[in-house]
Amino acid sequence: QVQLQESGPGLVKPSQTLSLTCTVSGGSVSSGNYYWSWIRQPAGKGLEWIGGIYTSGITNYNPSLKSRVTMSLDTSENQLYLELRSVTAAETAVYYCARKFVGGDYGFDYWGQGTLVTVSS
Amino acid sequence: DIQMTQSPSSLSASVGDRVTITCRASHYIITNLNWYRQKPGRAPELLIFAASSLQSGVPSRFSGGGSGTDFTLTISSLQPEDFATYYCHQAYSVPYTFGQGTKLEIK
């Protein structure tokens with residue numbers, strides 16, 4: 001059974017960098033035809049896709065965030081990373097990592113439980 | 001970006017009712033449409049993928065339909081655990097986008 005677990009600071013100051021880790025168990029981040037993503041959700045609001053990364057390391061980012069986002073994989077630790085620079089209070093949200101099969105015919109079938117990140121001084 | 005519009009935004013119903021939620025895409029997305037249920041304080045869970053395929057382990061009271069730009073999610077007989085928020089999601093092209101959500105409440 002695949003499990004995903006997000007971790008990282010729960011509080012980040014405005015203009016600083018948000019850094020999160022997603023630890024994957026029960027499967028490998030570097031094998032299989034998978035696409036790993038970060039998705040966020042402000043309290044009481046909808047879901048926003050931040051970006052995704054293939055097992056090859058190729059990335060896609062949401063254009064609305066593209067200049068500030070970096071995603072990467074650490075195959076030795078079986079982890080997925082998110083870095084979001086120059087954050088603002090509006091980016092306070094629950095951040096999820098999630099997995100889907102490559103291709104348009106698939107949805108996100110495994111999700112982490114989510115981690116709340118508050119952006120505040 | 002492909003915009004996803006769900007209707008209604010909220011819906012009141014009773015246990016045992018049949019309900020349908022619709023999702024419209026701003027561009028053609030074939031059947032690259034997924035549905036999720038999100039209970040309060042929990043991560044979304046995949047119900048339907050590829051517009052009409054039931055995810056493993058999901059009860060058969062959930063069904064999906066549609067293609068192109070118009071899609072539906074139907075729950076044939078509501079159970080207490082179904083009172084939650086539902087999201088559609090297009091996986092046709094990046095950036096992936098979600099509908100704004102439909103909150104299903106107990107009447």
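Thresholds, definitions, all that
- Residues numbered from 1 in each chain as written.
- Chains lettered and ligands numbered in written order.
- Predicted model: local features only at pLDDT ≥ 70, side-chain atom pairs only at ≥ 80, totals over all residues.
- Heavy atoms only, no water.
- Helix = DSSP H or I, 4+ residues; strand = E, 2+ residues; numbered from the N terminus.
- Rg over C-alpha atoms; globule rule 2.2 N^0.38 Å.
- Buried < 20%, exposed > 50% of the residue type's maximum accessible area, 1.4 Å probe, protein only.
- Contact = heavy atoms within 4.5 Å.
- Areas by Shrake-Rupley, 256 points an atom, 1.4 Å probe, with all protein chains shown as cover.
- Lys, Arg positive; Asp, Glu negative; His and termini not counted.
- Charge placed at Lys NZ, Arg CZ, Asp CG, Glu CD.
- Pairing = 2+ DSSP bridges.
- Axes fitted to C-alpha atoms, helices over the stretch in contact; angles between N-to-C directions.
- Buried area = accessible area lost by both parts, 1.4 Å probe.
- Salt bridge = Lys/Arg side-chain N within 4 Å of Asp/Glu carboxyl O.
- Disulfide = S-S within 2.5 Å.

S.K.: Explain the overall build of chain B to me, please; I cannot follow it from the model alone.
M.R.: Along its length, chain B carries 0 helices and 11 strands. In chain B, the succession of helices and strands from N to C terminus is β-β-β-β-β-β-β-β-β-β-β. For 107 residues, the compact-globule estimate of 2.2 N^0.38 gives 13 Å, and the C-alpha radius of gyration of chain B, at 13 Å, lies within 12% of that figure. Referenced to the eigenvectors of the C-alpha coordinate spread, the extents of chain B come out at roughly 35 × 25 × 25 Å. Out of the 107 residues in chain B, the part that is buried amounts to 50%. For chain B, long-range pairs separated by at least 24 residues make up 56% of all intrachain contacts whose partners lie at least 6 apart in sequence. On chain B, roughly 4,700 Å² of surface is accessible, and the fraction owed to carbon and sulfur atoms is 47%. Counting 8 positive and 7 negative side-chain charges, chain B places the averaged centre of each group 4 Å from the other.

S.K.: Explain the sheet that holds strand β1 (residues 3-7) of chain A here, please?
M.R.: The strands that make up a sheet pair up through hydrogen bonds in the backbone, lying either parallel or antiparallel. Residue and element names in this part refer to chain A. On the basis of which strands lie adjacent, the open sheet formed by 4 strands has the order β1-β3-β8-β7 and antiparallel pairing. Looking at which strands have only one partner, the edges of the open sheet turn out to be β1 and β7 (69-74). In this sheet, neighbouring strand axes are inclined to one another by 15° on average, regardless of whether the strands run parallel or antiparallel. Bridge count between β7 and strand β8 (residues 79-84): 6 bridges; the pairing is antiparallel. Looking at β8, one finds that M71 is bridged to L82.

S.K.: Help me out: how do you make sense of the interface of chain B and chain A in this one?
M.R.: Accessible area lost when the parts come together is the quantity often used to give the size of an interface. Facing 19 residues of chain B, the contacting portion of chain A comprises 20 residues. Carbon and sulfur atoms supply 63% of the area that chain B and chain A bury against each other, a total of about 1,600 Å² over both sides. The three residues of chain B that bury the most area against chain A are P44, Y96 and F98 of chain B, which together make up 33% of that side's buried surface. The interface formed by chain B and chain A contains 0 salt bridges. Mapped onto the side of chain B that touches chain A, the elements with two or more residues apiece are β4 (33-38), β5 (45-49) and β9 (85-90) of chain B.

S.K.: Please clarify how unusual backbone geometry should be interpreted in this entry.
M.R.: Among all residues save glycine, negative phi is the norm, and among peptide bonds the norm is trans. In this structure, P8 of chain B follows S7 of chain B across a cis peptide bond, with omega equal to -5°. Locating P8 of chain B in the fold gives a position in the loop between β1 (4-7) and β2 (10-13). Cis geometry is found at the peptide bond from V94 of chain B to P95 of chain B, where omega equals 5°. For P95 of chain B, the location among the structural elements is in the loop between β9 and β10 (97-98). In this model, S86 of chain A sits at a positive phi of 55°, which is unusual for a non-glycine residue.

S.K.: In this structure, what is going on with the environment of V2 of chain A? I would like to understand it.
M.R.: Residue and element names in this part refer to chain A. Residue placement: V2 occurs in the segment before β1. Expressed as a C-alpha distance, the spacing of V2 and S56, which sit 54 residues apart in the sequence, is 19 Å. With sequence-adjacent residues up to four places away left out, V2 is seen in contact with V24, S25, G26, R99 and Y110.

S.K.: What am I meant to see in the state of the cysteines here?
M.R.: A disulfide bridge is the covalent bond that connects two cysteines by way of their sulfur atoms. Residues and elements named next belong to chain A. Taken as a whole and assessed by the stated rule, the structure comprises 2 disulfides over all chains. What pairs with C22 in a disulfide is C97, and their sulfur atoms sit 2.1 Å apart. Looking along the S-S bond of the C22-C97 disulfide, the torsion reads about 70°, which is the right-handed sense. Separated by 75 residues along the polypeptide, C22 in strand β3 (residues 18-25) and C97 in strand β9 (residues 93-101) bring together distant segments of the chain. You can call C22 buried: its relative accessible area is 0%.

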